[in-house]
Amino acid sequence: MDELLTTDEPLDGQSDESLDDVAVHAEYRRLVEEQAAVRRLGTLVARGVEPSELARVVTEEMRKCVGAATGGLWSFDTSDEIRMVAAAAAHPAVLATGLARWPLGTRTPIEGNTLATMVHRTGLPARIDSYDHIGGAVATQVRAVGVRAAVGVPIFVDDNMTGFVAVGSVQPGPMPADTEMRISRFAEVAATALVAGYREEQKRRLLGEASQRPFLIDSLLEGRVVDRWSLCELASALQLPVNGPFVVIAAEVLAVESEALPEIESKLRSLDAYSAWRLHPDLQVGIVHVNSGRRLDKILALVGRLATDRVGVSALFDDLRDTPHALHFAKVMLRGRPDVASPIAVFDGSILATAAVSAPEVMVKSIGNALDGFDDLPDVEREMLFETFRVWQDNDASVRSAAEVLICHPNTVRHRLRRIEKRTGRSLSRPKDVAELCLAFEVHRRLM
């Protein structure tokens, strides 16, 4: 009996409990190590280390935490290529071999049955449990490095997939089932490395000299900004908010190299309105941030006081990538009939007005048949009929309301409208004809 009590063999149930304790302890140690690694990476981010160094450390920490032989970070620079950003390996020889075959910065087509293809297509984690029977140039390179299985996880920035991280094993068989979850934590930090690297590249390209400010403004006016990262960097360089609303203001220049709106940028700044301006031989063009309706009224009042000639203003817009369209509408406002009461013409952004000015040459040509019937009239009489139609249209097609605005008898309005019907060959009782006439008169008012 004493021998049974003093034996080293565990009693029933104790063996399982001990094994459970070991498993729990191992899992605890693993979580602690991962958290420590993420904290170290967070410290590097806060210190503002070079993006290339941050990417390298992210890859190495990720590899260590999952016990992988290799690790890598790639970016999706285009829709059909990946670019190697960072690499890590447990053994220097493996890293040297990998970098010799796949140097940093290498661009590789996204094709075949590869991790990059699967991640890019689905936006989800992917794995390859064996490269033994996978064809293609990329798979051949992977086997040459010695990797036999791999797991990859996408990297997202602002809901856009910008790259992926991956770890590889040189042992036969699939990698552990929780590998995707574990390296996902590092993908978040990898996103920071990609963003930082992109920003550094953009700053070098866009912000080399203060003299590049006109180039930056032209990039917005001409629509050369295609993604949100470039937009954020460019807006920051121009001291513009990223989010609107904005307007584009185009002022006619009377003399070469003279400002149509002298010192407009500093004067707008006194109204707490940020703006960026470009002086061209015929126009002075500005992108102006407007943070409230009342602020727009103050901006237009200031522009009206400074203007030496006509000024066109776009409708409000929210996305700086829409700046070229807004510039088009501001320029169109300069072509319309001048208002004797104000030098400023503001585009209202209505569907009718947008349709009228979106393709000016086409629209002017298209309305010729509709308005040719007025060519033989004196200018004053023709303008009287056009004005009657516009007032009738703006007052919900009410003859009585139009007569009140025009200060005439309702029968006079009816007579003028009948003359318009006769000269255009269209009936104001048919919706399609009314729509055509509304567009024709809008084109005439805006463009002719």
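These numbers were taken from a predicted model, which means no experiment stands behind them.

1. Concerning the overall build of the protein
Reasoning step 1: Scanning the protein for helices and strands turns up 19 helices and 12 strands.
Reasoning step 2: Of all 448 residues assigned to the protein, the portion counted as buried reaches 43%.
Reasoning step 3: A fraction of 64% describes how many contacts in the protein between residues 6 or more apart in sequence connect residues 24 or more apart.
Reasoning step 4: Accessible area for the protein stands at about 24000 Å²; split by element, carbon and sulfur atoms hold 53% of it.

2. Topic: the sheet that holds strand 4 (residues 126-128)
Strand pairing in a sheet relies on backbone hydrogen bonds, with the paired strands running either antiparallel or parallel.
Reasoning step 1: With antiparallel pairing, 6 strands are arranged side by side in an open sheet as 3-2-1-6-5-4. Each edge of the sheet is formed by a strand with only one pairing partner; in this case those strands are strand 3 (107-109) and strand 4. Neighbouring strand axes in the sheet, compared pairwise and without regard to direction, differ in orientation by 30° on average.
Reasoning step 2: In the sheet, strand 5 (residues 149-157) pairs with strand 6 (residues 160-169) via 9 bridges, with the strands oriented antiparallel. Note on strand 6: the bridge partner recorded for Pro154 is Phe164.
Reasoning step 3: Against the sheet, helix 4 (residues 92-101) contacts strand 1 (70-78) and strand 2 (81-89), and its axis sits at roughly 165° relative to strand 2.

3. Some words on helix 17 (residues 399-406)
Reasoning step 1: Within the span of helix 17, buried status applies to Val399, Ala402 and Ala403. Down the axis of helix 17, the buried side of the element spans an arc of 100°, and every buried residue falls inside it. Pointing more than 90 degrees away from the buried face of helix 17 are the exposed residues Arg400, Glu404 and Val405.
Reasoning step 2: For helix 17, the elements touching its buried residues are helix 16 (379-394) and helix 18 (410-424).
Reasoning step 3: Two residues or fewer after helix 17 comes Ile407, characterised by a positive phi angle close to 55°.

4. Describing the packing of helix 17 against helix 18
Reasoning step 1: Orientation of helix 17 relative to helix 18, taken along the N-to-C sense of each, is 105°, at an axis distance of 8 Å. Taken together, the axes of helix 17 and helix 18 are roughly perpendicular relative to one another. Between helix 17 and helix 18, the residues in contact are Val399, Ala402, Ala403 and Leu406 and Pro410, Val413, Arg414, Arg416 and Leu417, respectively.
Reasoning step 2: Residues of the contact of helix 17 with helix 18, tallied by class, amount to 7 nonpolar, no polar and 2 charged.

5. Describing the confidence of the model for the protein
Reasoning step 1: Mean pLDDT over the protein works out to 78, with 76% of the residues at or above the 70 mark.
Reasoning step 2: When the elements of the protein are averaged for pLDDT, helix 1 (residues 2-6) gives the smallest value, 38, and strand 4 the largest, 93.
Reasoning step 3: The low-confidence segment residues 1-11, where pLDDT is below 50, has 1 contact with residues more than four positions distant or belonging to other chains.

6. Let's talk about the packing of aromatic side chains
Reasoning step 1: In total, this model carries 6 aromatic pairs according to the counting rule given.
Reasoning step 2: Taking the centre distance of 5.7 Å and the plane angle of 25° together, the rings of Phe76 and Phe164 count as stacked. Of the two residues, Phe76 is situated in strand 1 and Phe164 in strand 6; the sequence distance between them amounts to 88 residues. Here Phe76 matches Phe164 in class, with each residue buried.
Reasoning step 3: Put simply, the rings of Trp74, Phe76 and Phe164 pair up and form one aromatic cluster.

7. Details of the pairing of strand 8 (residues 275-279)
Reasoning step 1: In the sheet, strand 8 pairs with strand 9 (residues 283-289) via 5 bridges, with the strands oriented antiparallel. Note on strand 9: the bridge partner recorded for Ser275 is Val288.

8. Brief notes about the pattern of salt bridges
Reasoning step 1: Across all of its chains, the model carries 13 salt bridges by this definition.
Reasoning step 2: Across the salt bridge formed by Lys267 and Glu263, the nearest N and O atoms sit 3.9 Å from each other.
Reasoning step 3: Glu263 gets classed as exposed once you look at its relative accessible area, which sits at 54%.
Reasoning step 4: Between Arg390 and Glu387 there is a salt bridge; the shortest N-O distance is 3.1 Å. On the criterion of helical spacing, the pair formed by Arg390 and Glu387 is a turn pair, its members being 3 residues apart in helix 16.
Reasoning step 5: Since its relative accessible area comes to 9%, Arg390 is described here as buried.
Reasoning step 6: A relative accessible area of 32% places Glu387 in the partly exposed class.
Reasoning step 7: What you see here is one network of salt bridges that share partners, running through Glu60, Arg63 and Lys64.

9. Side note on the pairing of strand 5
Reasoning step 1: Counting buried positions along strand 5 yields 8 of 9 residues, so the element is predominantly enclosed.
Reasoning step 2: Examined bridge by bridge, strand 4 and strand 5 share 3 bridges and lie antiparallel to one another. Residue Ile128 lies in a different strand from strand 5, and its bridge partner there is Ala150.
Reasoning step 3: Here strand 5 hands over to strand 6 after 2 residues, with Asp158 in that stretch at a positive phi of 50°.

Calculation rules
Residues numbered from 1 in each chain as written. Predicted model: local features only at pLDDT ≥ 70, side-chain atom pairs only at ≥ 80, totals over all residues. Heavy atoms only, no water. Helix = DSSP H or I, 4+ residues; strand = E, 2+ residues; numbered from the N terminus. Buried < 20%, exposed > 50% of the residue type's maximum accessible area, 1.4 Å probe, protein only. Contact = heavy atoms within 4.5 Å. Areas by Shrake-Rupley, 256 points an atom, 1.4 Å probe, with all protein chains shown as cover. Pairing = 2+ DSSP bridges. Axes fitted to C-alpha atoms, helices over the stretch in contact; angles between N-to-C directions. Arc of directions from axis to C-beta. Parallel < 35°, antiparallel > 145°, perpendicular 65-115°, else oblique. Nonpolar A, V, L, I, M, F, W, Y, C, P; charged D, E, K, R; others polar. pLDDT = per-residue confidence, 0-100. Phe/Tyr/Trp six-rings, centres within 6.5 Å; stacked < 30°, edge-to-face > 60°. Salt bridge = Lys/Arg side-chain N within 4 Å of Asp/Glu carboxyl O.

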